[in-house]
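Residue-level listing of the chains:
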Amino acid sequence: MENLEKEKYVKIWSFPEYRRYSPGECAAPRAFDKLSMSGTLYDMGCGTGRAGKWFSEKGLDVTLVDFAPNAPEVDLPFIEACLWEIDLPKKDYVYCVDVLEHIPPERVDEVISNLKSCGKTLYLQIHCHEDGFGKLINEKLHLTIKPQEWWVDKFPGCTSRDLGNTVEIIYETNISE
């Protein structure tokens, strides 16, 4: 499954129109302001990496993570990895926007567990609707489309906000140094 998903994303990232809009880049200022961020950050499922670059320019020590090696277009540390197989050192923040809905349903719990183990504070935005870009490669990209409440229930004690067709989740883990 990992190889099939990876091939799909290597293919879609070859389309300039898929690179044009970055939900992660758009959400970065909101996350930064809400969390008064400083320290270290993983940009999980980083895509172009433009969000990570934005955080880096604000002084954070950023590491990009994605399993499509052709996705990042910025010069920051990059780890090529599948989110349901990662085991990474802890950082202050995990930033994960427009990613979890792309995960196969049978892998969502593993990915969430891995994200929780990688950071002290998680900032997530999850789209709860079909994608429009999969038609470029005749593939479905949003594989786990669930109501906002379903996602919120995966992060007990989180703070959440309805952003229309998207849910914003801030989750504090119990990880200490």
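Residues numbered from 1 in each chain as written. Predicted model: local features only at pLDDT ≥ 70, side-chain atom pairs only at ≥ 80, totals over all residues. Heavy atoms only, no water.

1. Focus: the overall build of the protein
Then comes step 1: The secondary structure content of the protein amounts to six helices and seven strands.
Then comes step 2: Secondary structure elements of the protein, listed N to C terminal, follow the sequence α-α-α-β-α-β-β-β-α-β-α-β-β.
Then comes step 3: For the protein, whose C-alpha radius of gyration is 15 Å, the value lies close to the compact-globule estimate of 16 Å for 177 residues.
Then comes step 4: When the 177 residues of the protein are sorted by exposure, 51% land in the buried category.
Then comes step 5: Taking all contacts inside the protein whose residues are at least 6 apart in sequence as the whole, residues at least 24 apart take part in 66%.
Then comes step 6: Working note: accessible area of the protein is about 8,400 Å², and carbon and sulfur atoms make up 47% of it.
Then comes step 7: Each charge sign in the protein was given a centre, from 20 positive and 30 negative side chains, and these centres are 2 Å apart. (Helix = DSSP H or I, 4+ residues; strand = E, 2+ residues; numbered from the N terminus. Rg over C-alpha atoms; globule rule 2.2 N^0.38 Å. Buried < 20%, exposed > 50% of the residue type's maximum accessible area, 1.4 Å probe, protein only. Contact = heavy atoms within 4.5 Å. Areas by Shrake-Rupley, 256 points an atom, 1.4 Å probe, with all protein chains shown as cover. Lys, Arg positive; Asp, Glu negative; His and termini not counted. Charge placed at Lys NZ, Arg CZ, Asp CG, Glu CD.)

2. Brief notes about the environment of alanine 31
Then comes step 1: Mapped onto the secondary structure, alanine 31 falls in helix H3 (residues 23–35).
Then comes step 2: Residue alanine 31 is classed as buried on the basis of its relative accessible area of 0%.
Then comes step 3: With 79 residues separating them in the primary sequence, alanine 31 and glutamate 110 have C-alpha atoms 24 Å apart.
Then comes step 4: Excluding anything up to four places from it in sequence, alanine 31 contacts Met37, Phe55, Tyr95 and Tyr123.

3. Remarks on the nonpolar core
Then comes step 1: Counting residues in each nonpolar core, the largest one holds 38 residues, and the members touching the most others are Met44, Leu100, Leu115, Trp151, Phe155 and Ile169.
Then comes step 2: Only helix H1 (2–12), strand E1 (40–44), strand E4 (91–97), helix H5 (108–118), strand E5 (119–127) and strand E7 (166–172) provide two or more residues apiece to this core.
Then comes step 3: For this core, the leading source of residues is H5, giving five residues.
Then comes step 4: The next biggest cluster of nonpolar side chains, apart from the first, holds 20 residues, and it includes Ala27, Leu35, Leu41 and Phe55. (Core = buried A, V, L, I, M, F, W, Y, C linked by side-chain atoms within 4.5 Å.)

4. Notes on the environment of glutamine 148
Then comes step 1: Along the chain, the position of glutamine 148 falls in helix H6 (residues 148–153).
Then comes step 2: The spacing of glutamine 148 and serine 160 is twelve residues in sequence and 9.2 Å in space, taken between C-alpha atoms.
Then comes step 3: Here glutamine 148 is in contact with Cys128, Asp162, Leu163, Gly164, Asn165, Thr166 and Val167, once residues within four sequence places are set aside.
Then comes step 4: A polar atom in the side chain of glutamine 148 sits 3.3 Å from the backbone oxygen of threonine 166. (Polar contact = N/O pair within 3.5 Å; in protein donor to acceptor, adjacent residues only side chain to side chain.)

5. Structural notes on the environment of glutamine 125
Then comes step 1: The residue glutamine 125 is located in strand E5 in this model.
Then comes step 2: In the structure, glutamine 125 is positioned 42 residues away from valine 167 in sequence and 5.6 Å away in space, judged by C-alpha atoms.
Then comes step 3: Setting aside residues no more than four positions away along its own chain, glutamine 125 makes contact with Ala27, Arg30, Cys96, Val97, Asp98, Val99, Glu101, Leu163, Thr166, Val167 and Glu168.
Then comes step 4: There is a polar contact of 2.8 Å between the side chain of glutamine 125 and the side chain of tyrosine 123.

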